[in-house]
Amino acid sequence: MTQHGPLGVAVIGTGKMGADHVRRINDVVSGARVTAVVDVDAERVKAVADGVEGCTAYTDPAAAMAAADVDAVLIASPGPAHEAALLTAFEHDLPVLCEKPLTPDAASALRVMEAEQRLGHRRVQVGFMRRYDAEYTRLKTLLDGGELGRTLMLHNRHRNASIPPGFTNANLVNDSLVHEMDVTRWLLGQEITAVTVLRPRPSANAPEGLDDPQFVVFETDGGAIVDVEVYLNCGFGYQVQAEAVCEHGSARIGDAHDLLVNTAGRWGGTIAQDFVERFADAYDREVQAWVDATRRGEVTGPSVWDGYAAAAVCEAGVRSQSEGGRVEVELVGRPAFYR
């Protein structure tokens, strides 16, 4: 059904990501407004709601989703809370933009996928924002065009200046590497069939208990080989780069050549310091695309299947970390509903 007035959005979770989405919907995106915010921290959620005209604070997601002024839901709460919020949204037949992960594991993602199929129509867009980044979009268009031939290899680098305390090897896979899992599947149009995690001697910058950096190899059902360097405490900034090596050429993104300065016998530029800065435009495009599609009565972008597939690949990655060697990805057959 087409939405004629502004879309009333409930934002669930008001931490760093959720608060940024509240700002984005209010100040950047057109066609929507935040009518509800939800968080278990009553003081924090009230403070956020007080800063938004016509916005109500809730501590219970179900109460917010039952409100008359809520037309859609943006989930930015911690991953373990996603399944319950998604199933509640399905009860109200509300469209959802769910930040990754869809859910923390493949079994719960599969339950969500089955529940959405019972509705009979898609309701969820998963927040893999790199698909909305201008550079990744150009690379996708180039590869789909076929002029470079089949993609043989995809090289990726994912570097953070530093990461929060308590970050584990499993977090490296589930919170960082998951993005390369999704862009690999999206760029190549192929499923990842196996994961191998290799670990050099850790950097002196790595905190206790974290093997950093790590080098990961994906195999795909289309015969491509993909490698990812994940270095979470490189110290100098946030870098995301990708190079596709194809039969008739190669293409690379992420070199940040938008501004190159020459001065005083030196040359250089700046390096983004975190993902919010690097992918600010991608987040804006992602949320705007979700709002536009929702107002048209459509659901586009990464699907629940994409969220499930990423969760399954993550599980293989964590197993490879702990057990060593190559681990095959266990996927159910892709339902026609998501083709």
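A quick note: this is a predicted structure, and the numbers were derived from the prediction, not measured. (Residues numbered from 1 in each chain as written. Predicted model: local features only at pLDDT ≥ 70, side-chain atom pairs only at ≥ 80, totals over all residues. Heavy atoms only, no water.)

Draft legend 1. Representation of the nonpolar core in the model. Ranked by internal contacts, the top residues of the largest apolar core, which has 79 residues, are Leu102, Val124, Tyr136, Val195 and Phe218. Of all the elements, helix α10 (residues 304-323) adds the most residues to this core, at ten residues. Of all hydrophobic cores here, the second largest spans 21 residues; its members include Val37, Leu74, Ala76 and Val291. (Core = buried A, V, L, I, M, F, W, Y, C linked by side-chain atoms within 4.5 Å. Buried < 20%, exposed > 50% of the residue type's maximum accessible area, 1.4 Å probe, protein only. Helix = DSSP H or I, 4+ residues; strand = E, 2+ residues; numbered from the N terminus.)

Draft legend 2. Focus on the sheet that holds strand β6 (residues 124-127). The sheet built from six strands is open, its strands ordered β3-β2-β1-β4-β5-β6 with parallel pairing. Strand pairing shows two members of the sheet lacking a second neighbour, β3 (56-58) and β6, which therefore form its edges. Across the sheet, the axes of successive neighbouring strands diverge by a mean angle of 25°, strand direction being ignored. As paired elements, strand β5 (residues 96-99) and β6 share four bridges and run parallel to each other. Across the sheet, the residue bridging to Cys98 is Val126, located in β6. The sheet strands contacting helix α2 (residues 42-50) are β2 (32-38) and β3, and the helix crosses β3 at an angle near 165°. (Pairing = 2+ DSSP bridges. Axes fitted to C-alpha atoms, helices over the stretch in contact; angles between N-to-C directions. Contact = heavy atoms within 4.5 Å.)

Draft legend 3. Spotlight on the pairing of strand β9 (residues 214-220). With five of seven residues buried, β9 is to be regarded as a mostly interior element. In this sheet, β9 lies alongside strand β8 (residues 192-198) in antiparallel orientation, the contact comprising six bridges. Residue Val197 lies in a different strand from β9, and its bridge partner there is Val216. When β9 meets strand β10 (residues 225-231), the two strands line up antiparallel, connected through six bridges. Looking at the pairing, Phe218 lines up with Val226 of β10.

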